[in-house]
Amino acid sequence: NFLLPPLRRARGVLTVHDLSFLKLPEFAYPGLASFLRAAVPGSIRRADVVLADSRNTADDLGEEFSVSPDRVRVVYPGVGPRFHPDPELGEAELLRRGYGLDRPYLLSVGTIEPRKNYAAAIAAFTRVSERGLFDGDYAIAGSAGWLADDSLRAAREAGSTVRLLGRVPEEHLPALYRGATALLYPSHYEGFGLPPLEAMACGTPALVARNSSLPEVVGEAAAYCSTDSESIADSLSALLSLDHASRASLVKVGIARAGQFTWERAAAEVRQVYHELA
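Residues numbered from 1 in each chain as written. Predicted model: local features only at pLDDT ≥ 70, side-chain atom pairs only at ≥ 80, totals over all residues. Heavy atoms only, no water.

What about the pattern of salt bridges?
Part 1: Under the counting rule described, the total for this entry stands at 18 salt bridges.
Part 2: Of the charged contacts, one joins Arg 82 and Glu 170 as a salt bridge, the two residues approaching to 2.9 Å between their closest N and O atoms. In this pair, Arg 82 is assigned in the loop between strand E3 (72–74) and helix H4 (91–99) and Glu 170 in the loop between strand E6 (162–166) and helix H7 (173–179), connecting sequence segments 88 residues apart.
Part 3: Judged by its relative accessible area of 37%, Arg 82 is partly exposed.
Part 4: A single salt-bridge network, built from bridges that share partners, covers Lys 23, Asp 60, Glu 63 and Glu 64. (Salt bridge = Lys/Arg side-chain N within 4 Å of Asp/Glu carboxyl O. Helix = DSSP H or I, 4+ residues; strand = E, 2+ residues; numbered from the N terminus. Buried < 20%, exposed > 50% of the residue type's maximum accessible area, 1.4 Å probe, protein only.)

Structural notes on the nonpolar core
Part 1: Among the nonpolar cores identified, the biggest contains 35 residues, and Leu 107, Leu 176 and Tyr 177 are the most heavily contacted of them.
Part 2: Listing elements by their share of this core, those giving two or more residues are H4, strand E4 (105–109), strand E5 (137–141), H7, strand E7 (182–185), helix H8 (194–201), strand E8 (206–209) and helix H9 (214–218).
Part 3: The greatest single-element share of this core, amounting to four residues, is contributed by H8.
Part 4: Among residues more than four places away in sequence, those in contact with Leu 176 are Leu 95, Tyr 99, Leu 101, Tyr 105, Leu 107, Leu 165 and Val 168. (Core = buried A, V, L, I, M, F, W, Y, C linked by side-chain atoms within 4.5 Å. Contact = heavy atoms within 4.5 Å.)

Description of the sheet that holds E5
Part 1: One open sheet accounts for six strands, arranged E6-E5-E4-E7-E8-E9; its pairing is parallel. On the outer flanks of this sheet lie E6 and strand E9 (223–225), each paired with one strand and no other. Strand-to-strand, the axes of this sheet are offset by a mean angle of 25°, without reference to chain direction.
Part 2: Where E7 and E8 come together, three bridges link them in parallel fashion. The partner of Leu 184 across the bridge, within E8, is Leu 207.
Part 3: Lying on the sheet, helix H5 (residues 118–130) is in contact with E4, E5 and E6; it crosses E5 at an angle near 165°. (Pairing = 2+ DSSP bridges. Axes fitted to C-alpha atoms, helices over the stretch in contact; angles between N-to-C directions.)

Notes on the packing of H5 against helix H6 (residues 149–158)
Part 1: The interhelical angle for the contact between H5 and H6, taken along N-to-C directions, is 20°, at an axis separation of 8 Å. By the angle between their directions, the pair H5 and H6 is classed as roughly parallel. Regarding H5 and H6, the two cross each other, and that crossing is left-handed. Along its contact with H5, which presents Tyr 118, Ala 119, Ile 122 and Thr 126, the element H6 presents Ser 151, Ala 154, Ala 155 and Ala 158.
Part 2: Grouping the amino acids of the contact of H5 with H6 by side-chain chemistry returns six nonpolar, two polar and no charged. (Parallel < 35°, antiparallel > 145°, perpendicular 65-115°, else oblique. Left-handed = near helix turned anticlockwise from the far one by under 90°. Nonpolar A, V, L, I, M, F, W, Y, C, P; charged D, E, K, R; others polar.)

Re the side chain of Asn 117
Part 1: Position of Asn 117 relative to the elements: it lies in the loop between E4 and H5.
Part 2: Looking at Asn 117, the relative accessible area reads 8%, which means it is buried.

Some thoughts on the pairing of E4
Part 1: Here E4 lies mainly inside the structure; five of its five residues are buried.
Part 2: Here E4 shows two buried faces, one formed by Tyr 105, Leu 107 and Val 109 and the other by Leu 106 and Ser 108.
Part 3: As defined by bridge partners, E4 adjoins E5 across five bridges and the pair is classed as parallel. Each bridged residue has a counterpart across the sheet, and for Ser 108 the counterpart in E5 is Ile 140.
Part 4: As paired strands, E4 and E7 are joined by two bridges and run parallel to one another. By the bridge assignment, Leu 107 is partnered in E7 with Leu 183.

Everything listed is a geometric property; what it means functionally is a separate question.
Dropping the structure here:
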């Protein structure tokens, strides 16, 4: 939670997922960014402990608000047990009949907004397809958010191979991850970024941007790119060109990396914070 109400005698814990409204204000909805700039500093001052989703967010708190490191605890989110590499009965039928995905496909998961960098990802997908390296679709699972017009226009102009799936039920995500050839996640900024870990847990390689918290989260278990379309295309081409053994190795380390992030551990760490304050 970004906001902490005024407290009299109680001690307060505030969770800050990211500071994208300050780090990349050009990608934020103006009204929301203005509200958060006014409200968040006071909430941080009132908190005895600030929980951050990543070390990157903790560093941002120190940089933007001079929050003392001893007031910040990094608690990583977790990957749920339904995200695993073993296909379940009926998944192929779900993908075919529910989403029209009957060809190989690349996948992105997340709200359609500028920070997610979909326009560049779509341009990169088009380049890779034109190079003959991928004969399939690019599926985007996420509802349209603020300032989505450029991304939606890019999807329309790319044609029928870019599939806008809209908001996807949580229970369908594992099947979508498992069925994908790779996950694209070239975001400009993330406070944590669950989709790459969820995809990796499902045995699907991830391509992520080398910025903000993403290297901290995926480590050496994913492929990297910059946020421009040419870099995304080149890195995606390299990922798609891996031989069977190299891809299998990347999948294996991805599953192991994702297994390090559990909600049980996150809950225990949050509980410990509350015990310390009690």
